[in-house]
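The chain contents come next:
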Amino acid sequence: MLDAPRVSIPSPSPPVPAAPAPAPLPAPQNGSGSAQAVLLRRGMELLNGTDPELALFLDREVERQAMTLAMVASASAAGPAVLAAGGAALSNVTAEGYPGARYHPGAERFDAVERLAVDRAKRAFGARYANVQPHSCSSANQAVLAALLPPGGVLLALDLDSGGHLTHGSAASVTGHHYRAVHYGLDDQGFIDYDQVAELALAHRPKVLIAGASAYPRILDFARFRAIADSVGAYLVADISHIAGLVASGEHPSPIDLAHVTTTSTYKQLGGPRGGLILIGEEHLTPGPDARRTPLSRLMQRAVFPQSQGTPSPASVAAKAHALKLVAEPAFGDTMRLVRADAAALSDALGEAGYRVLTGGTENHMVLLDMLDRGMTGVVAERALEECGILTNRNRIPKDTKAPLVASGLRLGTNVLAQRGMGPDQMRVCAALLHDVLSATTVLGDTEFRTDPVVRDRVTAEVAALCRTHPLPFGAGVGAADVSDREPGERS
Ligand SMILES: Cc1ncc(COP(=O)(O)O)c(C=O)c1O
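Along each chain, residue indices are assigned from 1 in the same order as the chain's sequence is written. Local features in this predicted model are restricted to residues of pLDDT 70 or higher, and side-chain atom pairs are both shown and tallied only at a pLDDT of 80 or more, whereas totals for entire chains, interfaces and linings draw on every residue.

1. A closer look at the sheet that holds strand β6 (residues 180–184)
For clarity, the threshold we go by: At least two DSSP bridges between two strands are required for those strands to pair. Each helix is a run of H or I in the DSSP string that is no shorter than four residues. Each strand is a run of E no shorter than two, and both are numbered from the N terminus. Angles shown run from 0 to 180 degrees and are taken between the N-to-C directions of axes, each axis being a line fitted to C-alpha atoms and, for helices, limited to the stretch in contact.
An order of β4-β10-β9-β8-β7-β5-β6 is seen for the seven strands of this open sheet, with the pairing classed as mixed. On the outer flanks of this sheet lie β4 (129–131) and β6, each paired with one strand and no other. Pairwise comparison of adjacent strand axes, ignoring direction, gives a mean angle of 20 degrees for this sheet. When strand β5 (residues 154–158) meets strand β7 (residues 208–212), the two strands line up parallel, connected through two bridges. Within β7, the residue paired with L156 across the bridge is L209.

Next comes the structure, spelled out in structure tokens:
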């Protein structure tokens, strides 16, 4: 038998002077005087007063975001209301389980918030089932795979170097250790080789086929993927992390009713907080692979909690709820149309300037460039541009011989530029700025370079001017004239 735990009674110590009692919060009202608004304001005042070191970093980051051209394809800007919801006192609720079936008390309000988020996720994507608790798309993917695949089971997915994601069975991810991953690739033009997908499916008979990518500028043919999955009795998992906004607004075909399960991040294209979603459409009652043939929706509930996560992050769920409300509004669709038009314009302009654009163009938000074709690595291009306030990221491309931290490609995306209200005309300006920087960069090695300081200073000033005329949905920190109270997607 175990010893009973011993309770140690602390010896009397000198009385500690009582901390001054905080002033009571004013009574809740609507609008900016609400209890939550007062709390957020007080929080910032306290942080500024008691931890100026940290507060300064946070302030500088607001300014940095306002004054840089974010062309990182996996980014969107969460607006102030989403950020505020993510900082809500709701965060203090500890509640494992799901609405109405929690393992802790005090979750009544969180239940209501989670139900709202689930309803909004279903409405935004036309889904029959939604789980809003995954802390990220990586954790969503791991939960989904664990529910659909036994250890050592076979999954078929896009190869990492061809644009796939780590969680799709890469050797660098636990998914590559827990399962036997087989990977398909691209054809000579850089398009997904569906014939190869079908051949590998027949040869390896995967239990899960994943359709989704981190670096693929073309439409994913979910119907074709589903036909291949059906030909071998596999579950089709669509990972729309990168293109969720385009899918929600009809700018990319939806996998919701074609895939058995769909996963996504909420921050890449949805203007939401860090986090993930699991969605199911018509297949929500389809039996899972377990002995009891549990319906997929129930299987996914368990896959997240208790199988792979503990407590959800309530304030993140609230922030997802608000982001998903915005996703369903017409302005979001306008932004997504602009995202695609911008990417096409950017791709055309860079192609005309002599860059090798992978697949010869784009059908989504992303443009992939072969930088080795210009005699420089992806990391040199990324860093030279960053010095001028233009954020892009290095990316491995098919048949890449460089290490992942060096890479031969550069990935660009137009989500944030479109949120700033920039259109195709501004994309031609952005392409010209990019070209100016890269043309003025002398390559000294795989990671070393030197950019002409005159060009660097000029482009930095032009980037700042462009940012001022096209402010983020929150432009705080760059002067009152630039502060905009628009939500992401709302354009004047
Ligand atoms: C296709 C795809 N799936 C999943 C993820 C992982 O997303 P998260 O950062 O939410 O874990 C990414 C992110 O890079 C991705 O591109």
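2. Re the nonpolar core
Across soluble globular proteins, nonpolar side chains show a tendency to be buried alongside one another. Keep this limit in mind: We call a set of buried Ala, Val, Leu, Ile, Met, Phe, Trp, Tyr and Cys residues a nonpolar core when their C-beta atoms link them within 7 Å. Residues with at least 20 neighbouring C-beta atoms inside 10 Å of their own are called buried, those with 12 or fewer are called exposed, and the rest are partly exposed, where every C-beta is derived from the backbone. Note that the domain bounds were set by an automatic or database domain assignment. Each residue is represented by a C-beta atom placed from its backbone, and any two residues with such atoms within 7 Å are regarded as in contact.
Of all hydrophobic cores here, the largest spans 134 residues; its most connected members are A121, V144, L209, L236 and M300. No fewer than three residues from each of domain 1 (92–327) and domain 2 (330–482) sit in this core. Ignoring any residue separated from it by four or fewer positions in sequence, one finds M300 in contact with Y129, N131, V144, A147, V261, I278 and I280.

3. Here we look at the site of the ligand
As a reminder of what qualifies: Nearness rests on one distance test: the residue's C-beta atom, set from the backbone, must lie within 6 Å of the molecule or strand. Gly is placed with the polar residues, together with every amino acid not listed as nonpolar (Ala, Val, Leu, Ile, Met, Phe, Trp, Tyr, Cys and Pro) or charged (Asp, Glu, Lys and Arg).
Taken together, 15 residues are adjacent to the ligand, and S136, C137, S138, S214 and S265 come closest. Along the lines of polarity and charge, the residues of the shell around the ligand split into two nonpolar, 12 polar and one charged.

4. Brief notes about the sheet that holds strand β11 (residues 356–357)
Two strands in a sheet stick together by hydrogen bonds in their backbones, pointing the same way (parallel) or opposite ways (antiparallel). Spatially, β11-β12-β15-β14 is the arrangement adopted by the four strands of the open sheet, whose pairing is antiparallel. Since the sheet does not close on itself, it has two edges, and those belong to β11 and β14 (393–395), each with one partner. Two strands pair when backbone bridges link them, and β11 and strand β12 (residues 366–370) are joined in this way by two bridges, in the antiparallel orientation. Bridged to V357 within β12 is L369.

5. Looking at helix α5 (residues 137–148)
We count it as follows: Here a helix's expected span is defined as the number of its residues, less one, multiplied by 1.5 Å.
The end-to-end C-alpha separation of α5 is 16 Å, in line with the 16 Å expected for 12 residues at 1.5 Å each. Along α5, nine of the 12 residues are buried, which leaves the element largely enclosed by surrounding structure. Buried residues of α5: C137, A140, N141, Q142, A143, V144, L145, A147 and L148, and no others.

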